[in-house]
Amino acid sequence: MTAEANVGVVGLAAMGGSLARNLAYHGNKVAVFNRTYARTEKLMAEHGDEGEFFPAKTLAEFVASLAKPRVAIIMVKAGAPTDTMIDQLADLMEPGDIIVDAGNAHFPDTIRREKAISARGLHFVGCGVSGGEEGALKGPSMMPGGSEESWKALKPIFESIAAKAEGKPCVAHIGENGAGHFVKMVHNGIEYSDMQLIAESYDLMRRGLGMTAEEIADVFEAWNATELNSYLIEITADILHEKDKKTGKPLVDVIVDHAGMKGTGTWTVQSALDLAVPVTGISEAVFARGLSDQTELREEAQKQDFQVGRSGLEGMPLEERQAFVNNIREALYASKIVAYAQGFNEIQAAAKAYGWDIDLAAVARIWRGGCIIRAKFLNRISDAFESGEANVSLLFAPYFKDALETADHSWRRVVSRAVNFGIPVPVFSSSLAYFDGLRSKRLPACLIQGQRDYFGAHTYQRVDEPGVFHTLWAEKDRPEIKES
Ligand SMILES: NC(=O)C1=CN([C@@H]2O[C@H](COP(=O)(O)OP(=O)(O)OC[C@H]3O[C@@H](n4cnc5c(N)ncnc54)[C@H](OP(=O)(O)O)[C@@H]3O)[C@@H](O)[C@H]2O)C=CC1
Ligand SMILES: O=C(CO)[C@H](O)[C@H](O)COP(=O)(O)O
């Protein structure tokens, strides 16, 4: 076996197989290995003529076919299988070689792995990859972490296969060790809130306004030509147009209403809790999927036949219905802005906590193409970080501040009507509550702090005097003492 390949892929399922083909298509010499050789054979039989591949039966053969310094991209099941492959590769590789984990790893695992592998003189890069199977094949958005040195070696390879947005490759070095996987995790969290907001909009039109799936598909198609232009809006229209082959019904009506999840949304929320950053839109989206999957509890609730909530707007005059659909579009945009603002705040907080130097404008730029949340308004987000206008919060950048003010009436109308009809809109309403909380001059947290002091002597600060105070609640006349 001659050491000719400039890059290798381990794990040739949906993502790895597509990534290997993308690499070969762009002129890379690609070594390929899969635990089960039949998968390698299948890939070669179906696509071996698309470029220069070096199929290997064993991992030792795979490593031997790579030119030095070797670059091996692992794309296997996240968790223990990834650890196994890293260990086996590290045993066969040499100092200076680079192992890339392009799966959906949790960033603390990436930090741990990078520490262990770099101690052996090898480079380890945790790289977020988004775009699903099609993106991996035609151009994903890529979020590599790891050292600057490894980025220098990987840059030409990754730039050759990444999606292009306005001619620029959708890949940038995010930061040291786990930074790439952290940013990919937040990308997925935002993906959850984007999807839930679209689903809530659908629900309001379907149950609230009594529109058909086909009519709603047309609405999403029209929205895709507005500021909401995005991949997720586009595929939503496509899904809602689809008819079930067996029954002729809209396909969406025969899909069981339980949304699955693999964990990245949950990680985003857990990590936000650790960093004390409110990501209310993302967390409500995670919980909404959780609620959808509470089969027995939901069945029991059905049996209760609660006599609450008013009926929807069915039968509403066309003009009024159109106006409400427009309200939903504006509310969706405003809530989406809040979810992105929260996601970027989480990245900012993590950068501070973990010592990463993350360029938020670059993050927005590489999300413009290839990934699941790709959207027109990411150009605006990128500009807002570039100019410094969004440094504290995206919501304060003039373009987004104006968008929120414009949407305000619609946003409140949609949330209040949904509440009246009994249609759940957890992300619409939590995003609005975040916005209102953030802009409130005085919050009722003063009362909570008073309660904490009352039952637990947890102290409080005063608005009119520096120091820490405690009221002796149990004593006569309740004197206040200054503790420091
Ligand atoms: N699917 C998607 O849309 C996206 C997936 N990802 C991530 O990319 C990675 C790959 O995803 P996907 O292509 O969907 O494949 P899967 O997550 O389904 O993993 C299948 C691959 O993992 C290999 N594998 C499983 N267990 C082991 C093991 N113990 N040792 C060695 N290899 C093992 C399989 O080999 P074998 O053929 O022998 O079973 C196969 O190549 C995952 O980390 C996933 O989270 C990231 C972005 C999008
Ligand atoms: O990473 C992805 C896209 O960016 C994957 O599609 C991911 O699996 C989606 O998450 P979930 O399965 O939890 O919905």
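Since this is a predicted model, take the numbers as computed values, not measurements.

**Student:** Is there a simple way to think about the packing of aromatic side chains in this case?
**Tutor:** What describes a pair of aromatic rings is the distance from one ring centre to the other and the angle between the planes of the rings. Throughout the structure, instances matching the rule amount to 17 aromatic pairs. Summarising the aromatic geometry, the rings of Phe107 and Phe182 are spaced 4.9 Å apart at their centres and angled 75° between planes, so their arrangement reads as edge-to-face. You can see Phe107 sitting in helix H5 (residues 107-118) and its partner Phe182 sitting in helix H8 (residues 179-208), a full 75 residues away along the chain. The same class applies to Phe107 and to Phe182, which are both buried. Put simply, the rings of Tyr333, Tyr340, Phe377, Tyr399 and Phe400 touch in pairs and so form one group of aromatic residues. Looking at Arg374, its charged tip hangs above the ring of Tyr231, at a distance of 4.0 Å from the centre.

**Student:** Hey, could you run me through the layout of surface pockets in this one?
**Tutor:** Once rolled over the atoms, a probe with the size of a water molecule shows which space is left empty. Taken as a whole, the second largest pocket spans an internal volume of roughly 240 Å³. Among the residues making up the lining of the second largest pocket, the classes are represented as 4 nonpolar, 3 polar and 3 charged.

**Student:** Can you walk me through the site of ligand 1 in this structure?
**Tutor:** Not every one of the 20 residues close to ligand 1 is listed here, only the nearest: Met15, Asn34, Arg35, Thr36 and Arg39. Arg39 has a polar side-chain atom sitting 2.7 Å from an oxygen atom of ligand 1. Here Lys77 contributes a backbone N or O atom positioned 3.1 Å from an oxygen atom of ligand 1. In isolation ligand 1 exposes 890 Å². Once the protein is present, 78% of that is buried. Mapped onto the shell around ligand 1, the elements with two or more residues apiece are helix H1 (14-25) and helix H4 (80-92). Of the residues in the shell around ligand 1, the class split is 10 nonpolar, 6 polar and 4 charged.

**Student:** Please clarify how empty space enclosed by the protein should be interpreted in this entry.
**Tutor:** Scanning the model with the defined rule gives 1 cavity of 30 Å³ or more in all. Quantified by volume, the largest cavity comes out at close to 30 Å³. Every residue lining the largest cavity is listed: Asp194, Leu197, Ile198, Leu228, Ile233, Leu332 and Lys336. The greatest single-element share of the lining of the largest cavity, amounting to 3 residues, is contributed by H8. Residues belonging to the lining of the largest cavity are distributed by class as follows: 5 nonpolar, no polar and 2 charged.

What counts, and at which threshold
- Residues numbered from 1 in each chain as written.
- Chains lettered and ligands numbered in written order.
- Predicted model: local features only at pLDDT ≥ 70, side-chain atom pairs only at ≥ 80, totals over all residues.
- Heavy atoms only, no water.
- Phe/Tyr/Trp six-rings, centres within 6.5 Å; stacked < 30°, edge-to-face > 60°.
- Helix = DSSP H or I, 4+ residues; strand = E, 2+ residues; numbered from the N terminus.
- Buried < 20%, exposed > 50% of the residue type's maximum accessible area, 1.4 Å probe, protein only.
- Lys NZ or Arg CZ within 6 Å of the ring centre and 35° of its normal.
- 1 Å grid on protein atoms, 1.4 Å probe; cavity = no way out; pocket = protein on both sides within 12 Å on 5 of 7 lines; lining within 4 Å.
- Points joined across faces, edges and corners; volume = space filled by probe spheres on them.
- Nonpolar A, V, L, I, M, F, W, Y, C, P; charged D, E, K, R; others polar.
- Near = heavy atom within 4 Å.
- Polar contact = N/O pair within 3.5 Å; in protein donor to acceptor, adjacent residues only side chain to side chain.
- Areas by Shrake-Rupley, 256 points an atom, 1.4 Å probe, with all protein chains shown as cover.

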